[in-house]
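In case you want the letters, here they are:
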Amino acid sequence: MSDILTSYSRDDTISHDYLSEFLTKLARFGIDQCLHFTHLVGNKQKLSTLHTNYQNQQIHLNYLLTEIQVLQNDFYETLSSISSSDDPPNEQLLFVKLQNYLSKFVQISFRFKSFNLSMKEMCPEPSRSNILDPPSSIISDRHSSKMSTSSHIPEIRISSSSSLSVCSTDDLNNNIDIGKYWKFANIIHTRFQISLIASNSHVILCYNNHNHFLHFILVTGQFQGDIKWKYEPIIDILWCSSIDRYVALSHHSIYTIQYNRSSRTNPILVNQVLVLKKLQLTRIACNDCNILLYITEQQSSSIEIYDYQFNREKTFDNLTNKQLPINSPIFCCTNTLIAFTDKYNVLISCFPYITPKKTSLLLFDIDTLELRYTIDLNDCLNIYSMKCLSHSNIFFALSDEKILWIIAIDQNETTHIAKKTFYTNQTEMCIINNQDLLLINVNAGSAIQMIKYRKIQQ
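Keep in mind that what you see is a predicted model, and the values were worked out from it rather than measured. (Residues numbered from 1 in each chain as written. Predicted model: local features only at pLDDT ≥ 70, side-chain atom pairs only at ≥ 80, totals over all residues. Heavy atoms only, no water.)

**Points about the side chain of K387**
Selection rule: Working definition: helices are DSSP H or I runs of at least four residues, strands are E runs of at least two. Numbering for both runs from the N terminus. Two residues qualify as a contact provided that any one of their heavy atoms is within 4.5 Å of a heavy atom in the partner residue.
Take K387: it is sitting in strand β19 (residues 383-389). Not counting residues within four places of it along the chain, the set of residues in contact with K387 comprises D236, I237, C332, I394, F395, F396, M429, C430 and I431.

Here you go:
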């Protein structure tokens, strides 16, 4: 790493535009690392306050925190200088500065690692239960009024909801890295293109919106059959375990799709169960009790909740629920929460560093449609696919930055966020086995990437 950076600093042939872009990325990388390090130190401070003999460690942590904050400001100032500097020699000097800042960050990180080792020797961390143990370890009590709040909230949005919890990736009490529980597994290669995907954990239903075919393959990769879709194009598809059917949504109708492997004459049965009027935007989701439709039409939005006989039980709209978003591209639900996304173009003016992109995850109570959580995903331009675990308040989201966001709310209503970076493009995903993920991988030809949950003993 140091050799590569040194070659950049000594190479005078690098173009001004390329070097400026490289410096910007390097400065942003330093800022992100400092922010992450601040979270780690802050969490360690909270843990150390539980022990009266950790006063010296608290002092040491305060020194580390002060150093990293000064270093973070240096990165911010350098980033500001990059955006306002047009002189290549000055950019070369800024590059040398960034090298020194990154070296200093590595030194601080080593000191923090040594500090962690010393703390573990003094007081070994007690074992704790896995927060992701299925099936009920992260089920949030929808009737609980107790909400956890952060000691520092950098951004607050006013809401009429008295129980609203506002949290951000900048102030989460993220003591547990939930991202380590999901690992990349095998890839299933197919001979057809895939636009949408759903699975009952045994058979994967793939929809191709180019030739309008439904393809069925096993999760082990064996092709089972296909059928020409004779109806209007499918815009969303999911698996409903309560009715043992796939549910497909088009612009005008809802269909159920039953796949029976034992039947040779007619293994695939399609039924139209609900006719819809022409709408601007429609999304579908389901949990263990209901099927939900999110509808947008002429700058108004509503949620229609159906039972599994497709009888409408209740309706919410943005006339009575002002916080209900309009034209949200994302819609999914657990047994207790309904999830949307809202996109903001904001300028953070506390430093010269500008963050023009932020997407917020809005979580509403499924019974009252009261806004319960607003979770800010900073440096997230757009979420284009989201799924969740019905039994647990765990949400998976794919963003334009090739990042899989994992957001979990535990029994104490504390939010945990992790990010997994992809190096290929994933388009859509679905849940299998109530814990694993299948993602359409468009860079591997026609393929399905599996991400499996693995229990880790604490």
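**As for the pairing of strand β21 (residues 403-409)**
Note the threshold: Note on classification: 1.4 Å probe, protein chains only; a residue is buried when its accessible area is under 20% of the maximum for its type, exposed when over 50%, partly exposed between these limits. In this description, strands pair whenever DSSP reports at least two bridges between them.
Counting buried residues along β21, 7 of its 7 residues qualify, which places the element largely inside the surrounding structure. Burial along β21 is two-sided: the face carrying I403, W405, I407 and I409 and the face carrying L404, I406 and A408 are both buried. Across 6 bridges, the pairing between strand β20 (residues 394-399) and β21 is antiparallel. Paired with L398 across the strands is L404, a residue of β21. Hairpin geometry of β20 and β21 is characterised by an intervening segment of 3 residues between the two adjacent antiparallel strands and by a positive phi of about 60° at K402. Bridge count between β21 and strand β22 (residues 415-421): 7 bridges; the pairing is antiparallel. If you follow L404 over to β22, its bridge partner there is K420.

**Points about the sheet that holds β19**
What counts is decided by this rule: To get an axis, a line is fitted to the C-alpha atoms, and for a helix only the part in contact is used. The angle between two axes follows their N-to-C directions and goes from 0 to 180 degrees.
What the 4 strands build is an open sheet, ordered β19-β20-β21-β22; its pairing is antiparallel. Two strands in the sheet have a free side with no partner beyond their single neighbour: β19 and β22. Direction aside, neighbouring strands of the sheet carry axes that sit 20° apart on average.

**Details of empty space enclosed by the protein**
Applied cut-off: Two kinds of site are reported from a 1 Å grid over the protein atoms alone, namely cavities, where a 1.4 Å probe fits but cannot get out, and pockets, open sets with protein on both sides within 12 Å along at least five of seven lines, and residues are called lining when an atom falls within 4 Å of a point. Grid points are joined across faces, edges and corners, and a volume is the space filled by probe spheres set on the points. We call Asp, Glu, Lys and Arg charged. Ala, Val, Leu, Ile, Met, Phe, Trp, Tyr, Cys and Pro are nonpolar, and the rest, Gly among them, are polar.
Inspection of every chain in the model, using the stated rule, returns 1 cavity of 30 Å³ or more. Looking at the largest cavity, its volume works out to about 40 Å³. Every element with two or more residues in the lining of the largest cavity is listed here: β3 (196-199), β7 (236-240) and β23 (426-432). Of the residues belonging to the lining of the largest cavity, the class tally is 4 nonpolar, no polar and 3 charged.

**Digging into the nonpolar core**
This is how it is decided: Residues belong to a common nonpolar core when they are buried Ala, Val, Leu, Ile, Met, Phe, Trp, Tyr or Cys residues joined through side-chain atoms within 4.5 Å.
Counting 27 residues, the largest nonpolar core has L23, F37, I68, L71, F75, L98 and F112 as its most contacted members. Listing elements by their share of this core, those giving two or more residues are α2 (16-48), α3 (55-84) and α4 (88-122). If near-sequence neighbours (up to four positions away) are discounted, I68 is found in contact with C34, F37, T38, F105 and I108. Of all hydrophobic cores here, the second largest spans 20 residues; its members include A339, L363, C380 and I407.

**Looking at the confidence of the model for the protein chain**
To keep things clear, this is the line we draw: Each residue carries a pLDDT score, the predictor's own confidence in it, on a scale running from 0 to 100.
Looking at the protein chain as a whole, its pLDDT mean stands at 76, while 74% of the residues score no less than 70. The least confident element of the protein chain, judged by mean pLDDT, is strand β1 (residues 165-168) at 38; the most confident is β3 at 95. Predicted confidence is poor over residues 1-14, with pLDDT under 50, and the contacts of this stretch with residues over four places away or in other chains come to 16 contacts. Overall, residues 125-175 carries pLDDT values under 50, and its contacts beyond four positions in sequence, including any with other chains, amount to 129 contacts.

**Overview of the layout of surface pockets**
The calculated volume of the second largest pocket comes to roughly 550 Å³. Every element with two or more residues in the lining of the second largest pocket is listed here: β3, β7, β11 (281-286), β15 (331-333), β19 and β23. Classifying every residue of the lining of the second largest pocket by side-chain character gives 19 nonpolar, 9 polar and 2 charged.

**Details of the sheet that holds strand β14 (residues 312-317)**
Spatially, the 4 strands line up as an open sheet ordered β11-β12-β13-β14, and their pairing is antiparallel. Among the strands making up the open sheet, the edge pair consists of β11 and β14. Recorded for the sheet is a direction-independent mean angle of 15° between the axes of neighbouring strands. The pairing of strand β13 (residues 300-306) with β14 spans 5 bridges and is classified as antiparallel. Residue pairing across strands places S302 opposite D317, the latter belonging to β14.

**Remarks on unusual backbone geometry**
The phi angle of most residues is negative, glycine excepted, and most peptide bonds adopt the trans form. For D244, which is not glycine, the phi torsion reads 55° and is therefore positive. Residue classification places D244 among the partly exposed positions, given a relative accessible area of 48%. The phi dihedral of N327 is positive, around 60°, even though this residue is not glycine. Checked against the element boundaries, N327 lands in the loop between β14 and β15.

**Describing the pattern of salt bridges**
Threshold: Whenever Lys or Arg places a side-chain nitrogen within 4 Å of a carboxyl oxygen from Asp or Glu, that contact is recorded as a salt bridge.
In total, this model carries 6 salt bridges according to the counting rule given. Across the pair E67 and R111 runs a salt bridge, and its minimum N-O distance is 2.6 Å. A residue pair is termed long-range when its members are at least 10 positions apart, and E67 in helix α3 and R111 in helix α4 qualify at 44 residues. Judged by relative accessible area, which is 28%, E67 ranks as partly exposed. Looking at R111, the relative accessible area reads 33%, which means it is partly exposed. R372 is the salt-bridge partner of D365, the closest N and O atoms lying 3.4 Å from each other.

**Thoughts on the packing of aromatic side chains**
Quick note on the threshold: Think of it this way: a Phe, Tyr or Trp ring, Trp meaning its six-membered ring, pairs with another when their centres are within 6.5 Å, and the plane angle makes it stacked under 30 degrees, edge-to-face over 60, tilted otherwise. Two thresholds decide whether a charge sits over a ring: the Lys NZ or Arg CZ must be within 6 Å of the ring centre and within 35 degrees of the ring normal.
Inspection of every chain in the model, using the stated rule, returns 15 aromatic pairs. Each ring, one from Y294 and one from F340, has its centre 4.9 Å from the other, and the planes form 65°; the classification is edge-to-face. Taken together, the positions of Y294 in strand β12 (residues 291-297) and F340 in strand β16 (residues 337-344) put the pair 46 residues apart, joining distant regions of the chain. Of the two residues examined, Y294 and F340, each falls in the buried class. Taken together, the ring pairs connect Y181, W182, F396 and Y453 into an aromatic cluster. Just above the ring of F223 sits the side chain of R191; from NZ or CZ to the centre is 4.3 Å.

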